[in-house]
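Summary of structural features
Given next are the chains, with one letter for each unit.
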Amino acid sequence: MADGKTADTRESELPAFDVVVVGSANVDVSARVLHLPSPGETVLATSLVRSPGGKGANQAVAAARAGGALVAFIGAVGADAEGQWLSARLAADGVDTAMLVRSGDPTGQALISVAANGENVIVVAPGANATLALTPAQKEMVACARVVVTQLEIPVEAVASASAARACGAEFLLNAAPARPLPVELLADVDALIVNEHEAREISGLPDLDAAASYLVAHVPVAIITRGAAGVTLAMTPRAASLADGGVAMPGPAREEACESTVPPYLVDDVVDTTGAGDTFCGVLAAARAQGLPGSMPCVRRPWQRRWPSRPRVRKTRSLRGSACCTPCRLSGRRPEP
């Protein structure tokens, strides 16, 4: 793990990466409960588990485990045992951590309550994540990437800095979570916006999901709204849709009337925990985009980092779907292999 000064001396030594994730790294503390507490209610947990997390780190691990993509992570952790542990876990999954910096603030933590039906609520204490500001060396790493992925558990200024640093032609995927107001200039740089249905409504200010999708695609060429068991709503400008069908890279901003479609979910028999499912989706999509390959979003029983699927499991899941096409396939303009 490098500090800011060490990172700045490495600009000429950086390799090219398929995917660079700029985002958060947290220690997740997950409590399993029979039901999620109502306001003012106290419930007893049946178990307590510590695991590596943070939306950025989660997505980097998912991209690396998808296989075929060289993945790097840019973020900030504390100069503490938790930060060292997170760095080691990322490296063990094949994620480059040369630009994961140490901060004077403690490593971020996420407090998660998971109900028996798999639903969860999450409270994040950002800690070191809130201090992330890209150094020249970190920007150089971003400039070497084919796909740049960010989220909103880090300062918006760091997200904008990552977008500005990418090379011409590199794709910028923004997972706008947790939802917050976004500068119009930042949205103008986004190639694909990925949100869940709650975030789509919050960002747009519209309660109707179809209206929210139309609002989002008025600002970005591709909006992907994950809806859990209801699948995925994919909204694209006509130009983006035609380019995707032809297998061409995502277009620059084109603002026409949206084309919307719904991609069905891959169904599982026993949903245990949905924590990290959206991050897995983002990471696998980024890896697929970087390679020009059809991707898939497998639903896994426990989507914590240590249980996320490797590429053989992703391929197996895709083959089980027959001819059904998932969102990463649509975005890459490819169809699933027979």
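Structural data are supplied above this passage.
Residues numbered from 1 in each chain as written. Predicted model: local features only at pLDDT ≥ 70, side-chain atom pairs only at ≥ 80, totals over all residues. Heavy atoms only, no water.

**Here we look at the packing of aromatic side chains**
- All told, the structure shown has zero aromatic pairs when counted by the stated rule.
- For the cation-ring pair, R50 lies above W85, with the distance from its terminal atom to the ring centre recorded as 3.9 Å. (Phe/Tyr/Trp six-rings, centres within 6.5 Å; stacked < 30°, edge-to-face > 60°. Lys NZ or Arg CZ within 6 Å of the ring centre and 35° of its normal.)

**Some thoughts on the environment of L86**
- Mapped onto the elements of the fold, L86 is located in helix 3 (residues 81-92).
- Separated by 29 residues in the primary sequence, L86 and A57 place their C-alpha atoms 8.7 Å from one another.
- Beyond its immediate chain neighbours, meaning those up to four positions away, L86 contacts A25, N26, V27, P52, G53, V77 and T107. (Helix = DSSP H or I, 4+ residues; strand = E, 2+ residues; numbered from the N terminus. Contact = heavy atoms within 4.5 Å.)

**A few points about helix 3**
- End to end, helix 3 covers 16 Å across twelve residues, agreeing with the expected 16 Å (1.5 Å per residue, within 8%).
- Every buried residue belonging to helix 3 is among G83, W85, L86, S87 and L90, and all of these are buried.
- Of the surrounding secondary structure, the elements contacted by the buried residues of helix 3 are strand 2 (26-32), strand 3 (47-53), helix 2 (55-66), strand 4 (71-78) and strand 5 (100-103).
- Downstream of helix 3 by one or two residues, G94 has phi in the positive range, about 85°. (Expected span 1.5 Å × (residues − 1). Buried < 20%, exposed > 50% of the residue type's maximum accessible area, 1.4 Å probe, protein only.)

**So, the sheet that holds strand 5**
- Pairing in this open sheet of nine strands is mixed, and the strands run 5-4-1-8-9-10-11-12-13 from one edge to the other. Edge positions in the open sheet fall to strand 5 and strand 13 (259-263), since each of these has one partner strand only. Direction aside, the axes of adjacent strands within the sheet are offset by 15° on average.
- Of the strand pairs in this sheet, strand 11 (residues 222-226) and strand 12 (residues 232-236) are connected by five bridges, and their pairing is antiparallel. (Pairing = 2+ DSSP bridges. Axes fitted to C-alpha atoms, helices over the stretch in contact; angles between N-to-C directions.)

**Things to note about the pairing of strand 8 (residues 145-151)**
- Counting buried residues in strand 8 gives six out of seven residues, a clear majority hidden from the surface.
- Of the strand pairs in this sheet, strand 1 (residues 17-22) and strand 8 are connected by five bridges, and their pairing is parallel. Across the sheet, the residue bridging to V22 is T150, located in strand 8.
- Bridge count between strand 8 and strand 9 (residues 171-175): five bridges; the pairing is parallel. Bridge pairing in strand 9 links V147 to E171.

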